[in-house]
Structures are given as C-alpha cells and as structure tokens.
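# Inside the fold
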Amino acid sequence: MDVQLRIRRYNPDIDAAPHWETYHVTAEPSDRVLDLLHQVKWYQDGTLTFRRSCAHGVCGSDAMLINGRNRLACQYLVRDAGTEITVEAIPAMPVIKDLLVDMEPFLDAYRSVKPFLINTDPLPADGRERRQSPEDRERYEDTSRCILCAACTAACPVYWSDQKYVGPAAIVNAHRFIVDSRDTATEERLQIMADPDGVWRCRTVFNCVEACPRGINVTGAIMEVIGEMRSSGRGSAEA
Ligand code: SF4
Ligand code: F3S
Ligand code: FES
C-alpha cells in the first residue's frame, strides 16, 4: 500500500522554525512506523534524524508523537496507523533535531528519585539474598517494567505547562522502590516525592496511562505513592 508520511522536521542549525515535510513510501500492513522512517532515511533523505535501538519495544528509545499520540515507532503498525501518518517529536522535550529530543532533563528527574535499591541492614546471617514473599514481589511487578521511554511524562499536561514537575515516569520508578519490602529508604523516598514539584502536582489526568507502551498503570502507581505519603503523615502539598 502507498503511505503518506508527514514528518515535522527541524534542524536548529539551518531552520528558523519547525516545518512539515511529506514523503511517500510503499509499505505492508505489518510494517512498523519505524520501518517507514528507515525507508525515508535510507532511500529518500539521509538527514532525517531519530533515535532507535532495539526495534522491538524494549529499549524505549523511539517514543514519538504519531498520529497525535505518544507511541513507540517500533510497536505501531501501518495496519493500525493508516495510510496518512504524521510523526513529530514527543512534546515538552527540547528538540535536538527532527524527532530526536534531549532526554537529559527527563533523566535528571529519574535520577532524582534514587532509582536503585537502598538497604542499610546487615546481610542475613547466611550471607545470602534478602528474601521476599511472592506477594511483596508482586507489589512492584507493574512498575518494574518501565523502559524509560518518556511517553508518559511527555503526554502529561502538568508537565507540558511546567517541566519542573518530576513527572509520571520518575514517580513510577520511585514507586518501584517505595513498595519494595527490601528497601530501607522509604522515608527518604517519600520526602523526595513531597517536594513541591513532586507527586502532589499530579492532577489525575490519566494521559500517562494511555501513553504507556508497556501498559503500566501509571496513575495507579501515582495513587499508591500518594497513599504511602498519607500513611506516613504527609497530607498534601497545600497542607
Ligand atoms: Fe515509558 Fe511507561 Fe515507563 Fe512512562 S511508565 S517511561 S510510558 S514505559
Ligand atoms: Fe499527568 Fe498522569 Fe497525573 S497525565 S496529571 S501524571 S495522572
Ligand atoms: Fe527500542 Fe523501539 S527501538 S523500543
């Protein structure tokens, strides 16, 4: 089938402003939008710039605004996208070139929640692993599947209006450790979440849930973190 691909291009070195370019490619319904971008880059315009790595929905590097929604280009098939497809960089992230955005502010927010296990207790007497029940392990099963694609944070209207908001992806990764029974830094983590730009800024818009290519219940995780905040005596940002 013939597919018309409209791509929002921007090269800050030569363009005064972003502009749309239209390309025509031949595709199979089972092709992914990423395949079409490759066709353009390899056979029509080598200057087209985008990021991708695994091509199988695992690395999280090719989140883009496709047909008006944040998606992974390697997961979205032509049969679902149709024959007129628009592709832009994900919103609210500084564009480096074309579809490539600067992920550093996003990753700074991720790093700010200390996304690693902290346990200051001595090792068990046998010197082996810290044990955990299947029920406790299940508590962070969903949030441990985050691939840091940024689709959720870039879909959040609170983040659009103010990029100081730590954003749903960072909260998902805070949740991953807050509910981990082996982690001993819960108080410190909740204090990080209590920041004026932390979890209280969520307005339960749910865009993040719709955007997540891993099907993570992002808003559910945010609500669980808020529940932990309340249980620990932290009422709300306004309180
Ligand atoms: Fe991407 Fe989902 Fe992780 Fe957000 S929660 S960064 S949308 S995988
Ligand atoms: Fe934003 Fe998701 Fe909250 S879209 S406002 S982080 S529910
Ligand atoms: Fe890795 Fe799409 S290229 S998730």
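These lines cover the structure that appears in this document, whether it is placed above or below. (Residues numbered from 1 in each chain as written. Chains lettered and ligands numbered in written order. Predicted model: local features only at pLDDT ≥ 70, side-chain atom pairs only at ≥ 80, totals over all residues. Heavy atoms only, no water.)

## What about the layout of surface pockets?
Over the atoms a probe the size of a water molecule is rolled, and this reveals where empty space is left. The test is simple: Only protein atoms enter the 1 Å grid used here. Points where a 1.4 Å probe fits but cannot escape make up a cavity, open sets with protein on both sides within 12 Å along at least five of seven lines make up a pocket, and a residue lines them when an atom lies within 4 Å of a point. Grid points are joined across faces, edges and corners, and a volume is the space filled by probe spheres set on the points. Under the scheme applied here, ten amino acids are nonpolar (Ala, Val, Leu, Ile, Met, Phe, Trp, Tyr, Cys and Pro), four are charged (Asp, Glu, Lys and Arg), and all others, including Gly, are polar.
Counted as a void, the largest pocket has a volume near 150 Å³. Around the largest pocket sit 14 residues that line it, and R51, G60, S61, D62 and M103 are the ones nearest its centre. A class-by-class count of the residues in the lining of the largest pocket yields 10 nonpolar, two polar and two charged.

## Let's talk about the site of ligand 1
Put simply, the rule is: A single heavy atom is enough: if one lies within 4 Å of a molecule or strand, its residue is considered near that molecule or strand.
Close to ligand 1 lie C146, I147, L148, C149, A150, A151, C152, A169, C212, P213, R214 and V218, which account for all nearby residues. Per-class residue counts for the shell around ligand 1 are 11 nonpolar, no polar and one charged.

## Notes on the site of ligand 2
What counts is decided by this rule: The numbering of helices and of strands both runs from the N terminus, where a helix is a DSSP run of H or I of at least 4 residues and a strand a run of E of at least 2.
The local shell around ligand 2 holds 13 residues, among which C156, C202, R203, F206 and C208 are the closest. Broken down by secondary-structure element, the contributors of at least two residues to the shell around ligand 2 are α8 (207-211) and α9 (218-231).

## With respect to the pattern of salt bridges
Counted only if it meets this: By salt bridge we mean one thing: a side-chain nitrogen of Lys or Arg within 4 Å of a carboxyl oxygen of Asp or Glu.
As enumerated under the stated definition, the model contains 18 salt bridges in all. In this structure, the salt-bridge partner of D180 is R182, at a minimum N-O distance of 2.7 Å. With its nearest N and O atoms 2.9 Å apart, the salt bridge here joins D197 to R201. Through salt bridges with shared partners, a single ionic network connects R9, D45, K97 and D98.

## Examining helix α1 (residues 33-44)
Test applied: Helices are assigned an expected span. That span is 1.5 Å times one less than the residue count. Note on contacts: a residue pair qualifies if any of its non-hydrogen atoms lie within 4.5 Å across the two residues.
Taking 1.5 Å per residue, 12 residues should reach 16 Å; α1 reaches 16 Å between its end C-alpha atoms and fits that length. Residues of α1 that are buried sit in contact with β1 (2-9), β2 (19-26), β3 (63-66), α2 (78-81) and β5 (84-88).

## Considering the sheet that holds strand β4 (residues 69-72)
Condition: When DSSP finds two or more bridges between two strands, those strands count as paired. Axes here mean lines fitted to C-alpha atoms, for a helix over just the part in contact, with angles spanning 0 to 180 degrees between N-to-C directions.
A sheet is described by the order of its strands in space; here five strands give the open sequence β2-β1-β5-β3-β4, paired in mixed fashion. Both outer strands of the open sheet, β2 and β4, are each paired with one neighbouring strand and no more. In this sheet, neighbouring strand axes are inclined to one another by 35° on average, regardless of whether the strands run parallel or antiparallel. Bridge analysis of β1 against β2 gives eight bridges, and the strand direction is antiparallel. Each bridged residue has a counterpart across the sheet, and for R9 the counterpart in β2 is H19. Here α1 sits on the sheet and contacts β1, β2, β3 and β5; the angle it forms with β2, its principal contact strand, is near 95°.

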